[in-house]
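Letter by letter, the chains look like this.
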Amino acid sequence: MTETTLLAAYGLLVMLTILLQVLGATRQLSMGYLMSSRDETRTTTGMTARLGRAVDNSVVAMALFAPAVLLVEMLGRNNNATLLAAQVFLLARIIYVIVYALGVPTIRTLAWLAGYAATAVLYFHAL
């Protein structure tokens, strides 16, 4: 497994999270509303709302993680430490999405911190 493979796996995790959020939104808001122009504002609640926030956070994490992985790869600075950092990132983000969806705040924050730190490691290796 390589850092770029882990990046692709993270992309699939983000896509799965989006799908779960959309399925929940469909149940709460109706397909008709989701297919409309959405001029009338409606919001989701519970797990579906948490999944929506997890999607937003996951996209931001992707915007930081992807360039770090690509820089390490492009510069030929990938090594065991960068592979471990990418693995930690992916595992942390899997945990993050699950515990966020379930409403577990402390573990969610710790998982976020682990993923953030792992991304920082990648940037340091790219320097």
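Residues numbered from 1 in each chain as written. Predicted model: local features only at pLDDT ≥ 70, side-chain atom pairs only at ≥ 80, totals over all residues. Heavy atoms only, no water.

An unreviewed UniProt entry lists the protein under the name Inner membrane protein, from Sulfitobacter indolifex HEL-45. Quoted verbatim from the Subcellular location (unreviewed entry) field of UniProt, the annotation for the protein is "Membrane". (UniProt positions renumbered as here; feature names shortened; annotations may be inferred.)

1. Comments concerning the overall build of the protein
Scanning the protein from terminus to terminus reveals five helices and zero strands. For the protein, the N- to C-terminal ordering of α and β elements is α-α-α-α-α. Its C-alpha atoms give the protein principal-axis dimensions of about 50 × 30 × 20 Å. By the burial criterion, 36% of the 127 residues in the protein qualify as buried. Residue pairs in contact within the protein that sit at least 24 positions apart in sequence constitute 76% of those at least 6 positions apart. Across the protein, the 8 positively charged side chains and the 5 negatively charged ones have centroids separated by 9 Å. (Helix = DSSP H or I, 4+ residues; strand = E, 2+ residues; numbered from the N terminus. Buried < 20%, exposed > 50% of the residue type's maximum accessible area, 1.4 Å probe, protein only. Contact = heavy atoms within 4.5 Å. Lys, Arg positive; Asp, Glu negative; His and termini not counted. Charge placed at Lys NZ, Arg CZ, Asp CG, Glu CD.)

2. Here we look at the nonpolar core
Where a protein is soluble and globular, its nonpolar side chains tend to be buried together. Residues L7, Y10, F65, V69, F89 and L122 are the most contacted members of the largest nonpolar core, which totals 18 residues. Among the elements of the structure, α1 (3-29), α3 (46-74), α4 (80-102) and α5 (105-126) are those that each provide at least two residues to this core. A per-element tally of this core places α3 first, with six residues. The contacts of L7, once residues within four sequence positions are left out, are M62, F65, A66, V69 and L70. (Core = buried A, V, L, I, M, F, W, Y, C linked by side-chain atoms within 4.5 Å.)

3. A closer look at the UniProt feature "transmembrane region" (unreviewed entry) in the protein
In the numbering used here, UniProt assigns the "transmembrane region" (unreviewed entry) feature to residues 59-76 and 83-103. Across residues 83-103 one finds 95% helix and 0% strand; the C-alpha atoms that close the span lie 30 Å apart.

4. Some points on the packing of α3 against α4
Interhelical geometry of α3 versus α4 gives an angle of 170° and a closest axis separation of 9 Å. With respect to α4, the axis of α3 lies roughly antiparallel. Residue-level contacts link M47, R50, L51, R53, A54, N57, S58, A61, F65 and V72 of α3 to T82, A86, F89, R93, Y96, V97, Y100, A101 and L102 of α4. In the contact of α3 with α4, the residues fall into 13 nonpolar, three polar and three charged. (Axes fitted to C-alpha atoms, helices over the stretch in contact; angles between N-to-C directions. Parallel < 35°, antiparallel > 145°, perpendicular 65-115°, else oblique. Nonpolar A, V, L, I, M, F, W, Y, C, P; charged D, E, K, R; others polar.)

5. Looking at the side chain of R93
Structurally, the position occupied by R93 is in helix α4. It is D56 that comes nearest to the buried, bridge-free R93 among opposite-charge side chains, at 10 Å. Excluding its chain neighbours within four sequence positions, the residues that come into contact with R93 are Y10, L13, A54, N57, S58, A61 and W112. (Salt bridge = Lys/Arg side-chain N within 4 Å of Asp/Glu carboxyl O.)

6. As for the environment of L51
Tracing the sequence through the fold places L51 in helix α3. Considered as a pair, L51 and A85 are 34 residues apart in the sequence and their alpha carbons are 25 Å apart. The residues touching L51, leaving out its near neighbours within four places in the chain, are T17, L20, Q21, V97 and A101.

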